[in-house]
Amino acid sequence: TKQKKILIVDDDLHLRNAIKKSLHNEGYSVDSAAGIEECKLKLIDNTPDLLILDVVLPDGDGIDFAISTKNNANYSSLGILLMSGLKTDHDYVSRALQGGALHFSQKPFDIKELIDRVKLIFRVMDLEENRFQLEQRFNYFFRNVTDITFILGSKSEIIEISKSYEDISGLSAIGIEGKMFSDLLSESSVEKFQKNFNSVV
């Protein structure tokens, strides 16, 4: 599994270092910045998977920065966890979440709780990425295959499949009946299907 990269942005050096050390001990690759301008340079240099961003920074508002960052196509998949000890009222938290943050932590917080939240955010992000990949495979299948007929049951299990499946995909249809349709879309199946499909087009 690829090592997750985290960038912490906070003007409190002590807190920054404490979070950095704790996350590093959990196996994450961690960097830090003291403000928005430094953060911008580090985003360009080495884009992280997750941004842990303080709301009140010496050179700008963290929520405004989070919104502008999420609206940048280069960082649309970036996860953001916002934190603040001052601006924690409901409207402000709501604005943060609507702006693209995946979580809002109120300072002071327990470092262990923050680590749990980081792990949860990465689980959510991984699930979303898996859903996106599966959707892409379905889309590829339906865009390129017009001669294969599947008859599916109420739970999307395959009841019957046409003989042309073997001819087009290069994969055996034996044992497919009863399987879930999504089982056909494993990475190895898609790669083999693409190779065979491209060779006959």
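To start, this report covers the structure provided alongside it. (Residues numbered from 1 in each chain as written. Predicted model: local features only at pLDDT ≥ 70, side-chain atom pairs only at ≥ 80, totals over all residues. Heavy atoms only, no water.)

Of regular secondary structure, the chain possesses seven helices and nine strands. The proportion of buried residues among the 201 residues of the chain is 38%. (Helix = DSSP H or I, 4+ residues; strand = E, 2+ residues; numbered from the N terminus. Buried < 20%, exposed > 50% of the residue type's maximum accessible area, 1.4 Å probe, protein only.)

What follows concerns the pattern of salt bridges. A side chain of one charge can pair with a side chain of the opposite charge when the charged atoms of the two come close. The full count for this structure, using the stated rule, is five salt bridges. Taking the shortest distance from any N to any O, the salt bridge between Glu-26 and Lys-119 comes out at 3.1 Å. Of this pair, Glu-26 sits in the loop between helix H1 (13-25) and strand E2 (29-33) while Lys-119 sits in helix H5 (residues 111-144), placing them 93 residues apart in sequence. Residue classification places Glu-26 among the partly exposed residues on the basis of a relative accessible area of 39%. On the basis of relative accessible area, Lys-119 is assigned to the partly exposed category, the value being 32%. Salt-bridge contacts for Lys-42 lead to Glu-38; the nearest nitrogen and oxygen are separated by 3.7 Å. Taken together, the positions of Lys-42 and Glu-38, both in helix H2 (residues 36-45) and four residues apart, correspond to about one turn of that helix. (Salt bridge = Lys/Arg side-chain N within 4 Å of Asp/Glu carboxyl O.)

Strand order in this open sheet of five strands is E2-E1-E3-E6-E7, and the pairing throughout is parallel. The two strands at the open ends of the sheet, each matched to only one other strand, are E2 and strand E7 (103-106). Across this sheet, the average inter-strand angle for adjacent strands is 20°, counted without regard to direction. With five bridges connecting them, strand E3 (residues 50-54) and strand E6 (residues 79-84) associate as parallel partners. Each bridged residue has a counterpart across the sheet, and for Leu-51 the counterpart in E6 is Ile-80. Against the sheet, H2 contacts strand E1 (5-9), E2 and E3, and its axis sits at roughly 145° relative to E2. (Pairing = 2+ DSSP bridges. Axes fitted to C-alpha atoms, helices over the stretch in contact; angles between N-to-C directions. Contact = heavy atoms within 4.5 Å.)

Structurally, the position occupied by Asp-49 is in the loop between H2 and E3. It is Lys-2 that comes nearest to the buried, bridge-free Asp-49 among opposite-charge side chains, at 4.6 Å. Looking at Asp-49, its side chain comes within polar contact range of the main-chain nitrogen of Lys-5, at 2.7 Å. Ignoring anything within four residues of it in the chain, the contact list for Asp-49 reads Gln-3, Lys-4, Lys-5, Leu-78, Gly-79, Phe-122 and Met-125. (Lys, Arg positive; Asp, Glu negative; His and termini not counted. Polar contact = N/O pair within 3.5 Å; in protein donor to acceptor, adjacent residues only side chain to side chain.)

In terms of burial, E6 is a largely internal element, six of the six residues being buried. Judged by which residues are buried, E6 turns out to be covered on both faces: Gly-79, Leu-81 and Met-83 on one side and Ile-80, Leu-82 and Ser-84 on the other are all buried.

This brings us to helix H3 (residues 62-70). Listed as buried for H3 are Gly-62, Ile-63, Phe-65, Ala-66 and Thr-69. One face of H3 carries all of its buried residues, which in axial projection span an arc of 160°. Where H3 begins, one side-chain oxygen reaches toward the backbone nitrogen of Ile-63, 2.9 Å away; that side chain belongs to Asp-61. (Arc of directions from axis to C-beta.)

Moving on to the environment of Leu-152. Locating Leu-152 in the fold gives a position in strand E8 (residues 150-152). In this structure, the C-alpha to C-alpha distance between Leu-152 and Met-180, residues 28 residues apart in sequence, is 8.7 Å.

Between its first and last C-alpha, H1 extends 18 Å over 13 residues, near the 18 Å set by a 1.5 Å rise per residue. Of the positions making up H1, those classed as buried are Leu-15, Arg-16, Ile-19, Ser-22 and Leu-23. With its buried residues spanning 140° around the axis, H1 presents them on a single face. Residues of H1 that are exposed and angled more than 90 degrees away from the buried face: His-14, Lys-21, His-24 and Asn-25. The N-terminus of H1 is capped by Asp-12, whose side-chain oxygen sits 3.0 Å from the backbone nitrogen of His-14. One or two steps after H1, the chain reaches Gly-27, where phi turns positive at roughly 100°. (Expected span 1.5 Å × (residues − 1).)

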